[in-house]
Amino acid sequence: MKVKEIMKALEAKHPGEKEYLQAVEEVLVSIEKVYNEHPEFEKAKIVERLVEPDRIFTFRVTWVNDKGEVCTNLGYRVQFNAALGAYKGGLRFHPAVNVSMLKFLGFEQIFKNSLTNLPLGGGKGGADFDPTGKSDAEIMRFCQAFMYELWRNIGPDQDSPAGDVGVGGREIGYLYGAYKKLAREHSTGALTGKSYGWGGSLIRPEATGFGAMYYVERMVKEKKETMKGKKIALSGFGNVAWGAATKAVEMGAKVVAISGPDGVCEIKDGITKEMIDYMLEMRASNRNKVEDMATKFPKAAKFTAGKKAWSVKCDIAMPCAFQNELSEEDANMLIKNGVKFVAEVSNMGCQPGAIAAFQKAKLPFAPGKAVNAGGVATSGLEICQNAGHINWTAEEVDVKLHKIMNDIYDMCVEYGKKGNTIDYVKGANIAGFMRVAKAMLAQGII
Ligand code: 2IT
């Protein structure tokens, strides 16, 4: 395999699919050497098969808003790779959603799901629907219209969506209600992220953030340091940032920044439990403004419009919002301000120039597909509980999640260690790839 040649062909075949091409290149560069040591991979054309989704569904979603107007959006589901199990991955509702974005997310999901060591294939979906400013009734009608089309192509042993940006517990409730009505199937893992009491797993809402903090704790330990008193800057204030902040405070760290599309809230003395609870209200309001935190807690939080979380001095930087949210310029500012660790929690949160800057500065940098895998892993645990018609306690789920994150960390070190440094990007990409490639080889040319 020659990465340059493969990328040239993909660029010609999928012109303009920027995010997808970026995600593929990052993985291929990491695995090139190992891949070429396995002629059986080349013979079975593993990479050429892996970079194309098994199939993509595109569908029209028409719904009626509160003014009685008819609105139409585009919905998608990318079923990328099923070598390890049924397709699994979230749904993103955001106005910028397009095929490139969902192909990048689906491609990343293959390797992330592989790292969990659970039987999960990779998929992703969503719609170019903007939840900002929408009423609860509008969200429900949109979710129902989306499911009219999608329900035939999902199921616990086929494809199991979950939440992502713009899709949380409320949306999963409406999507699942519509699915049940159409499929006449009950208490299944056809969707995960359900609420506890009707098929959901305890700890699933917290899992992405908790898992990320378990991973970061290992990175910090590797440098013989502790989490106590570490200053953490988080971007976003959604489900992922909420879970990460909860666990960070539990670990004795200090969350000194959260952010939103409108700007940053600096929290000098560290976020409190009350403020973390308020993040849930801010998200549910669909206002999408982090300034609301400073309005509610004027003494503790200082809002600055138009600035990112990366403008605040911190020890650990954790992007928790959107792809490519941290630029090379942001990375240089973080480095100048003395950042010690960077862990992506959003998928592909850092631009390639930012990753290069962190690596050049010899800072431990870990990629989203390893750091945020606790979310999908706990979705896998939800499917297990649904299949077995049982509920595990919060402690049982948390112990399993913690072990999965520790195992992922160990795999990243095993494949990424080079002398005294650990290339977490390479480690995660190679470890995730090997399991998928071996499964594809064993299952023949299909
Ligand atoms: O990016 C992700 O891993 C998710 N949005 C969660 C996917 C899932 O199926 O739980």
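Residues numbered from 1 in each chain as written. Predicted model: local features only at pLDDT ≥ 70, side-chain atom pairs only at ≥ 80, totals over all residues. Heavy atoms only, no water.

Trainee: Just to check I follow, could you spell out the site of the ligand for this structure?
Mentor: Looking at the ligand, there are 14 residues lining it, with Lys88, Lys112, Asp164, Arg204 and Ser379 nearest. Here an oxygen atom of the ligand sits 3.0 Å away from a polar atom, N or O, in the side chain of Lys124. In the environment of the ligand, an oxygen atom lies 3.0 Å from a nitrogen or oxygen atom belonging to the side chain of Arg204. For the ligand, whose unbound accessible area comes to 290 Å², protein coverage reaches 93%. The set of elements that each furnish at least two residues to the shell around the ligand consists of β3 (87-93), α5 (99-115) and α15 (373-388). (Near = heavy atom within 4 Å. Polar contact = N/O pair within 3.5 Å; in protein donor to acceptor, adjacent residues only side chain to side chain. Areas by Shrake-Rupley, 256 points an atom, 1.4 Å probe, with all protein chains shown as cover. Helix = DSSP H or I, 4+ residues; strand = E, 2+ residues; numbered from the N terminus.)

Trainee: Just checking my understanding: could you explain the pattern of salt bridges for this structure?
Mentor: Opposite charge on two side chains makes pairing possible when the charged atoms of those side chains draw close. According to the stated counting rule, one finds 22 salt bridges in the structure shown. Between Asp66 and Arg141 there is a salt bridge, with its nearest N and O atoms 2.6 Å apart. Of this pair, Asp66 sits in the loop between β1 (55-64) and β2 (70-81) while Arg141 sits in helix α6 (residues 136-150), and the two are 75 residues apart along the sequence. Classification of Asp66 by relative accessible area gives partly exposed; the value is 47%. For Arg141, a relative accessible area of 27% gives the class partly exposed. Note that Arg92 and Asp164 form a salt bridge whose closest N and O atoms lie 2.6 Å from each other. Highlighted residues: Arg92 in strand β3 and Asp164 in the loop between β5 (159-162) and α7 (169-183), separated in sequence by 72 residues. Per residue, the accessibility class of Arg92 equals that of Asp164, and both read buried. (Salt bridge = Lys/Arg side-chain N within 4 Å of Asp/Glu carboxyl O. Buried < 20%, exposed > 50% of the residue type's maximum accessible area, 1.4 Å probe, protein only.)

Trainee: Would you mind showing me how to read the nonpolar core here?
Mentor: Where a protein is soluble and globular, its nonpolar side chains tend to be buried together. In this structure, Tyr215, Ile258, Met293, Met318 and Ile408 are the most contacted members of the largest nonpolar core, which totals 68 residues. In this structure, Ile408 is in contact with Leu115, Thr116, Tyr215, Ala370 and Ala373, ignoring residues within four places of it in sequence. Membership of the second largest hydrophobic core comes to 42 residues, among which are Tyr20, Leu21, Ile46 and Leu102. (Core = buried A, V, L, I, M, F, W, Y, C linked by side-chain atoms within 4.5 Å. Contact = heavy atoms within 4.5 Å.)

Trainee: Whenever I open this one, the side chain of Gln385 confuses me. Can you help?
Mentor: Relative to the helices and strands, Gln385 is located in helix α15. Aside from chain neighbours lying at most four places away, what touches Gln385 is Ser201, Ile390, Asn391, Trp392 and Val397.

Trainee: Would you take a moment to explain helix α8 (residues 204-222) for this structure?
Mentor: Since there are 3.6 residues in each turn of an α-helix, residues three or four apart along the chain are aligned in direction. In this model, α8 (19 residues) spans 27 Å end to end at C-alpha, consistent with the 27 Å of a helix rising 1.5 Å per residue. Along its length, α8 reaches its greatest deviation from straightness, about 25 degrees, at Phe210. Of all 19 residues making up α8, 14 are buried, and the element is well covered by its neighbours. Looking one or two residues past α8, Lys224 carries a phi angle of roughly 60 degrees, positive in sign. (Expected span 1.5 Å × (residues − 1). Bend = angle between axes of the 7 residues up to and from the residue.)

Trainee: Explanation requested: helix α13 (residues 352-360) in the structure shown.
Mentor: Listing the buried residues of α13 in full gives Ala354, Ile355, Ala357 and Phe358. What you see down the axis of α13 is that its buried residues fit within an arc of 160 degrees, all on one side. Packing partners of the buried residues in α13 comprise α2 (18-36), α12 (328-336), β11 (341-343), β12 (365-366) and α17 (424-442). Once α13 finishes, Lys362 follows within two positions and takes phi at roughly 60 degrees, a positive value. (Arc of directions from axis to C-beta.)

Trainee: What is the right way to look at the side chain of His14 in this model?
Mentor: Tracing the sequence through the fold places His14 in the loop between α1 (3-13) and α2. The class of His14 is buried, set by a relative accessible area of 13%. Among the polar contacts listed, one links the side chain of His14 to the side chain of Lys103, at a separation of 3.4 Å. Those residues in contact with His14, other than ones at most four positions away along the chain, are Tyr20, Leu21, Glu52 and Lys103.

Trainee: I tried to follow the sheet that holds β5 on my own but got confused; where do I start?
Mentor: Two modes of strand pairing occur in sheets, parallel and antiparallel, and in both the strands are linked by backbone hydrogen bonds. One open sheet accounts for five strands, arranged β1-β2-β4-β3-β5; its pairing is mixed. The open sheet has two edge strands with one neighbour each: β1 and β5. Going across the sheet, the axis of each strand differs from the next one's by a mean of 20 degrees, ignoring polarity. Relative to strand β4 (residues 121-127), β3 runs parallel, the two sharing five bridges. Paired with Lys88 across the two strands is Gly122, which belongs to β4. Where α5 meets the sheet, it contacts β1, β2, β3 and β4, and its direction lies at approximately 150 degrees from that of β4. The strands that α6 touches are β1, β2, β3, β4 and β5; relative to β1, the one it contacts most, it runs at about 140 degrees. (Pairing = 2+ DSSP bridges. Axes fitted to C-alpha atoms, helices over the stretch in contact; angles between N-to-C directions.)

The values reported here are purely geometric and, on their own, carry no functional implication.
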